[in-house]
Amino acid sequence: MNYFSKKLRLRTTLVLPFIVEILLAVGLVGYLSFMNGHKGINDLATQLRAEVTERVRDRVQSYVAIPQLVNRFNAQTVELGLLKFEDLQAAERYFWRQVQTFDSVGNIGFANAQGQSLRVGWINRLSSTEQPQIAEQLAIGGGTLNYYDINQAGKRIKLSKAVSNYDPRKRSFYTSAVKSGKPTWSDVYINQGYNLLQLKASYPYYDNSGNLAGVLASELGIEQIGRFLQALKVGDSGQIYIMEPTGELVATSIKDQPILIGKGKKASRIRAVDGNNRLMQASSKFLGDRFSTLSNLQQNQQLEMQLDGQRQFLQVSPFRDPYGLDWLIVVVVPEADFMGQINANTQSTILLSLIALAVAIGLGILTARWITRPVLRVTHASENIASGNLDQHITSSRIIEMGKLAAAFNSMAGQLKQSFTDLATRNADLQQSEARNQAFLTAIPDLILRISREGQYLDVVEAKNVAMLVAGQDHLGKHMSEVLPTTVNQAYAVAIRQTLQTGETQALEYQLTIEGQPQTYEARVVASGSDEVICIVRDITDRKRSEAALHQSEATNRALIAAIPDLLIRANKDGTYFQITGQDRISVHGSENFLIGNTVTESLPLPLAQQRLESIGQALQTQQLQIYEQQILINREPRDEEVRIVAIGADEVLIMVRDITDRKQAELALKQLKDSFARFFPAEYLKFLNKESVTHIQLGDHISKEMAVMFSDIRSFTNISESMTPQESFDFVNTYLQYVSPAIHRHNGIIVKYMGDGVMAIFPTRAEDAVQAGIAKLKKIAEYNQFRQTQGYLPIRIGIGIHIGHMMVGMVGEASRMQGDVLSNHVNLTSRLEGLTKFYGVSMVISGQILEQLSDRSQYHIRFLDEVIVQGKTEAIAVYEVMDGDPHTITDAKLQTQPNFAQGLEHYRNGELTEAQQCFEQVLKMNQLDKAAQLYLERIHQLLHEGIPHNWSGIWTFTQK
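Rules behind the numbers
Residues numbered from 1 in each chain as written. Predicted model: local features only at pLDDT ≥ 70, side-chain atom pairs only at ≥ 80, totals over all residues. Heavy atoms only, no water. Helix = DSSP H or I, 4+ residues; strand = E, 2+ residues; numbered from the N terminus. Buried < 20%, exposed > 50% of the residue type's maximum accessible area, 1.4 Å probe, protein only. Areas by Shrake-Rupley, 256 points an atom, 1.4 Å probe, with all protein chains shown as cover. Salt bridge = Lys/Arg side-chain N within 4 Å of Asp/Glu carboxyl O. Core = buried A, V, L, I, M, F, W, Y, C linked by side-chain atoms within 4.5 Å. Contact = heavy atoms within 4.5 Å. Axes fitted to C-alpha atoms, helices over the stretch in contact; angles between N-to-C directions. Parallel < 35°, antiparallel > 145°, perpendicular 65-115°, else oblique. Left-handed = near helix turned anticlockwise from the far one by under 90°. Nonpolar A, V, L, I, M, F, W, Y, C, P; charged D, E, K, R; others polar. Expected span 1.5 Å × (residues − 1). Arc of directions from axis to C-beta. Polar contact = N/O pair within 3.5 Å; in protein donor to acceptor, adjacent residues only side chain to side chain. Pairing = 2+ DSSP bridges. Phe/Tyr/Trp six-rings, centres within 6.5 Å; stacked < 30°, edge-to-face > 60°.

Asks: I would appreciate a short explanation of the overall build of the protein in the present structure.
Replies: Looking only at helices and strands, the protein features 24 helices and 35 strands. Counting all 961 residues of the protein, 43% fall into the buried class. If you sum the accessible surface of the protein, you get close to 52900 Å²; carbon and sulfur atoms cover 52% of it.

Asks: Just checking my understanding: could you explain the pattern of salt bridges for this structure?
Replies: Between side chains of opposite charge, a pair can form when the charged atoms approach closely. Going through the model one piece at a time under the given rule, you end up with 36 salt bridges. Arg543 is the salt-bridge partner of Glu509, the closest N and O atoms lying 3.7 Å from each other. Taken together, the residues Glu509 in strand 19 (residues 506–514) and Arg543 in helix 11 (residues 541–563) connect sequence positions 34 residues apart. On the basis of relative accessibility, which here comes to 43%, the residue Glu509 falls in the partly exposed class. For Asp930, the salt bridge is made with Arg863, and the minimal N-O distance between the two is 3.0 Å. Here the residue Asp930 occupies a position in the loop between helix 23 (913–926) and helix 24 (931–946), and Arg863 occupies one in strand 33 (residues 862–869), the gap between them amounting to 67 residues. For Arg863, a relative accessible area of 1% corresponds to the buried category. Via salt bridges that share partners, Glu629, Glu642, Arg644, Arg663, Lys664 and Glu667 belong to a single interconnected network.

Asks: Please clarify how the nonpolar core should be interpreted in this entry.
Replies: Of all hydrophobic cores here, the largest spans 55 residues; its most connected members are Val56, Ile242, Leu287 and Trp327. When near neighbours in sequence (up to four residues on either side) are disregarded, Trp327 contacts Val60, Val188, Leu199, Ile225, Ile242, Met243, Glu244, Val250, Ser317, Pro318 and Phe319. Ranked by size, the runner-up nonpolar core spans 36 residues in total, among them Tyr736, Ile744, Tyr880 and Val882.

Asks: Where do I start with the packing of helix 23 against helix 24 in this structure?
Replies: A pair of packed helices is captured by two measures, namely the crossing angle of their axes and the spacing between those axes. Where helix 23 meets helix 24, the closest approach of the two axes is 9 Å, and the angle between their N-to-C directions is 150°. Between helix 23 and helix 24, the angle falls in the class roughly antiparallel. The handedness of the crossing between helix 23 and helix 24 comes out as left-handed. Along the contact surface, helix 23 presents Leu913, Ala916, Gln917, Phe920, Glu921, Val923 and Leu924, while helix 24 presents Ala933, Gln934, Tyr936, Leu937, Ile940, His941, Leu943 and Leu944. For the contact of helix 23 with helix 24, the per-class residue count stands at 11 nonpolar, three polar and one charged.

Asks: What am I meant to see in the environment of Ile140 here?
Replies: Along the chain, the position of Ile140 falls in the loop between strand 3 (133–137) and strand 4 (143–150). Taking the C-alpha atoms as reference points, Ile140 and Asn112, 28 residues apart in sequence, are found 9.4 Å from one another. If we skip the residues at most four places from it in the chain, Ile140 touches Gln114 and Gln116.

Asks: Sorry, what's going on with helix 13 (residues 606–622) here?
Replies: An α-helical turn contains 3.6 residues, so a residue and the one three or four places further along point in the same direction. If you check helix 13, its first and last C-alpha atoms are 24 Å apart, about what 17 residues at 1.5 Å a residue would give, namely 24 Å. Every buried residue belonging to helix 13 is among Leu608, Ala609, Arg612, Ser615, Ile616, Ala619 and Leu620, and all of these are buried. All buried residues of helix 13 lie within an arc of 130° about the axis, which places them on one face of the element. Among the exposed residues of helix 13, those oriented more than 90 degrees off its buried face are Leu606, Pro607, Glu614 and Gln621.

Asks: Help me out: how do you make sense of the side chain of Ser218 in this one?
Replies: Note on placement: Ser218 falls in strand 9 (residues 212–220). A polar atom in the side chain of Ser218 sits 2.9 Å from the side chain of Asn71. Contact partners of Ser218, with chain neighbours within four places excluded, come to Pro67, Val70, Asn71, Val105, Asn107, Ile108, Leu199, Lys200 and Ala201.

Asks: Got a minute to help me understand helix 22 (residues 898–909) in this structure?
Replies: With 12 residues, helix 22 should reach 16 Å at 1.5 Å per residue; the first-to-last C-alpha distance of 16 Å fits that figure. Turning to helix 22, its buried residues are Phe901, Gly904, Leu905, His907 and Tyr908. In a view along the axis of helix 22, the buried residues occupy a sector of 165°, so they form one face of it. Residues of helix 22 that are buried make contact with strand 33, helix 23, helix 24 and strand 35 (956–957). Looking one or two residues beyond helix 22, the residue adopting positive phi is Gly911, at roughly 80°.

Asks: Teacher, can you tell me more about the environment of Ala162 here?
Replies: Locating Ala162 in the fold gives a position in strand 5 (residues 156–166). Here Ala162 falls in the partly exposed class, since its relative accessible area comes to 49%. Taking the C-alpha atoms as reference points, Ala162 and Glu136, separated by 26 residues in sequence, lie 9.7 Å from one another. Residues contacting Ala162, with those up to four places away along its chain left out, are Thr144, Leu145 and Asn146.

Asks: Looking at this model, I keep getting lost on the sheet that holds strand 16 (residues 326–334). Mind explaining?
Replies: Strand pairing in a sheet relies on backbone hydrogen bonds. The paired strands run either parallel or antiparallel. Judged by pairing direction, the sheet is antiparallel, and its five strands sit side by side in the order 11-10-16-15-14 without closing on themselves. Each of the sheet's edge strands pairs with one partner strand only, and the pair in question is strand 11 (249–252) and strand 14 (301–307). Averaged over all adjacent pairs, the angle separating strand axes in this sheet is 25°, with direction ignored. Its contacts with the sheet put helix 4 (residues 222–231) on strand 10 (239–243), strand 11 and strand 16, and the angle it makes with strand 11 is roughly 40°.

Asks: What is the right way to look at the sheet that holds strand 24 (residues 626–634) in this model?
Replies: An order of 23-22-26-25-24 is seen for the five strands of this open sheet, with the pairing classed as antiparallel. Each edge of the open sheet is held by one strand with a lone partner, namely strand 23 (577–581) and strand 24. Strand-to-strand twist in this sheet, taken as the mean axis angle between neighbours without regard to direction, amounts to 25°. Two elements, strand 24 and strand 25 (residues 637–647), share nine bridges in a ladder whose sense is antiparallel. Paired with Gln630 across the strands is Glu641, a residue of strand 25. Across the sheet, helix 13 touches strand 22 (567–572), strand 23, strand 24, strand 25 and strand 26 (652–659), and the angle it forms with strand 24 is around 160°.

Asks: Looking at this structure, I do not really get the pairing of strand 17 (residues 447–452). What am I missing?
Replies: Residues in a regular strand project their side chains so that they alternate between the two faces of the sheet. Summarising burial for strand 17: five of the six residues are buried, a large majority. As judged from the six bridges shared by strand 17 and strand 21 (residues 532–539), these two strands associate in the antiparallel manner. Within strand 21, the residue paired with Leu449 across the bridge is Cys535. One ladder, built from four bridges, connects strand 17 with strand 18 (residues 457–461); its direction is antiparallel. Following the sheet pairing, Leu449 is matched in strand 18 by Val460.

Asks: I tried to follow unusual backbone geometry on my own but got confused; where do I start?
Replies: Positioned with a positive phi, Asn165 is a non-glycine residue whose angle comes to about 55°. Relative to the elements of secondary structure, Asn165 occurs in strand 5. Taking relative accessible area as the criterion, Asn165 reaches 74% and is therefore assigned exposed. Phi at Asn195 is positive, roughly 55°, even though this residue is not glycine. Mapped onto the elements of the fold, Asn195 is located in the loop between strand 7 (189–191) and strand 8 (196–206). Exposure remark for Asn195: the relative accessible area of 27% places this residue in the partly exposed category.

Asks: Would you mind going over the packing of aromatic side chains with me for this structure?
Replies: Two aromatic rings, taken as a pair, are described by how far apart their centres are and by the angle between their planes. Counted by the stated rule, this structure contains 20 aromatic pairs. Residues Phe717 and Phe732 carry aromatic rings whose centres are separated by 6.1 Å and whose planes lie at 15° to one another, so their mutual orientation is stacked. With Phe717 in helix 16 (residues 717–722) and Phe732 in helix 17 (residues 726–746), the pair connects residues that are 15 residues apart, well separated along the chain. Taken as a pair, Phe717 and Phe732 share a single burial class, namely buried. Of the aromatic side chains, those joined through ring pairs into one cluster are Phe85, Tyr94, Phe95, Phe110 and Tyr205.

Quick look at the structure:
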């Protein structure tokens, strides 16, 4: 009875621990699964944010590096003289080829210090409809920016549009480069015509004198960054956006999120906090609250925030480059993107665990019921071992036989488990050894052969870089003579024999023809036992070719050095010579001291030695070519030399000295010739017509634009010259012109021609220049008259007329005789204005159009004279007198009578002749020399006598010049 009761207790003992074990295992697995899920989410979010940020950083870095690289390349091209800021036509072709090479650059160009600019390419290169264009502005000082559509060959198709009053020197890319004095970026700005963001890389280029020659520019297409971000997928709803520290968006992965609001001049940038996406708004506001100043952010920050009760993973990373770019990369990923699958898996795990628990309990109960006899335990354990589960142990039974059986079974199971464990360990070690050997053989770029003493292939380990003579064939078991040419086979046989005899490694080189191409191989033969060797074969074809190319390059360099007509010197940073080549090519100062081991100070005069040491230091410091010229006495004769110094190491320079005496003498002769030409053809004409030399001038060259024109003439010159001899007349005119002409030049004027005592000049820049030049001329006439009085001559008076209008300036004549001239009806009108000065008795008159062009009329003393129709014209023109060049006594008298004069004009124009007569008579009482008032009185007498015309408007028509 006790026996059966014990068996029943054994069943209970077996079932209850089994159930408890399952409960603990299921609970522990569920808990660990849940915790590991959360930890996995955090790790995955951290890794995802970091990887996405680095991917974005790498791509943006590649985008922003290209424009700066293009600018550096163009600056070097300018330095080599292959690209010139003043040669826009040549640069146009160069930039088109370059913009086709770099497909991440929108357009490339430059602007010079004179305000001329050129750019070639696209505004939005990603647009499928935009035509590539050339945008150029040729006027010095700024002017109209013309856009030309071009075809794929870079040739202009048509003028698409023009923008007036464009000066590139006021643009962000130019001002930022000038301000920094080094390569930089412009501000991110809005292109109002295309309604998109743009950013330009700027590179200020300075000539050898340190003067700014211009600014090179390359545009970065910001839109391509946005398209790249939109192509990235961060979870299901994660976002990426790039913004400036001010919060303004640069690019975003959200396709329906605009970067700009409004169009044209009303367009403005959108801040991230004002975007139309709640996740972007919340994350940018969170960053603004978390960091007081985003521009001070120095490293990546991984953060978490809450939005609608949901956790959001956020990373903000600063993006900066050496040229001043300062952006922030923000990656935001909602936790819900990860939790959806985790929660579903957790629910599935719980359900499966409950099912497993129920099944396990049922099986436990059934198993306990069936284990009624100890033998069943042994059978079950044996089956487990047979299925591979060696971890078995049977508890001892109170039955003596079963207890012994259980002990024997347990001992057998332990021994079997130990055997399998040892076997698994040995297999793992063997696999690891084989893997190491295979990795070693794979890493070696050589062909490995195992060859017997008789020359038979025992094993072959092929390599990708070494081809067998007959590819694709099985060489095992074959003799070398069946595979290799006779000479190579014999060389191998000798090497194998010597290796086996001496035990030393043998090396040999040989050539084979593989697929019609000669290949060179190096073989090393190593003994591997008493009757076989290991041959390691390496393809050295490329090395042999490199050696041959190096020998050829050295020979070429030696030939080039021998052909250069320069003295070549290698020196260290303190000026010590350690190699001199070509000493016989030019004459050398102090040749007895010009030796290897001597210094610059020992072989040159002290001032020249100091200059050379400074240039050596500059070349080593800046790593840029230094060029200067010097003059030195050689054999008591002055010689001109050009010195070029370039760094060829950290402490070493190459000095190239060339005798340029003949060139300098030719340049001096050319300058003297140009100076002689300049007396007949002023240099201002060349600059105005955009010509480098007078030899480039051709008949018909001209430029058309609005400009002021001046005519001046000596009053009563005919009467003055009648009392002079011809020589005295020439001396008088030349002395007069020498006095007045410089005043025109000083005020940016160009003298078109001298007409005896008359002068015609144009002022292309400002109308005010002409007015100031006229005043200066009248003051010089006052000085000249003082000189004439000391010589016993009477003073002279001149008349000046100034007008403005559109006119053509260029070359007229015929092929063998040309001269500069101005063509326009405004020229004739100005000549008539100058003639009016003698009627009104004034020195200088200007037209109403000139008056409108003056920036500040209050700084001049001007009075309205009349509105007239001059001879040969049909339209009236307003005439004004400028009194600033007259003596103070005359000016003061006219200013004192100005109210009466103006009132008289008002009555006169209204047909109130009696009232006008009274006003002008009052003027003459106060200033008897006012000829204009006298002229009006004569007209009034005529009108009173003849009667006022029925269509009277106050406009007077002149019938004489």
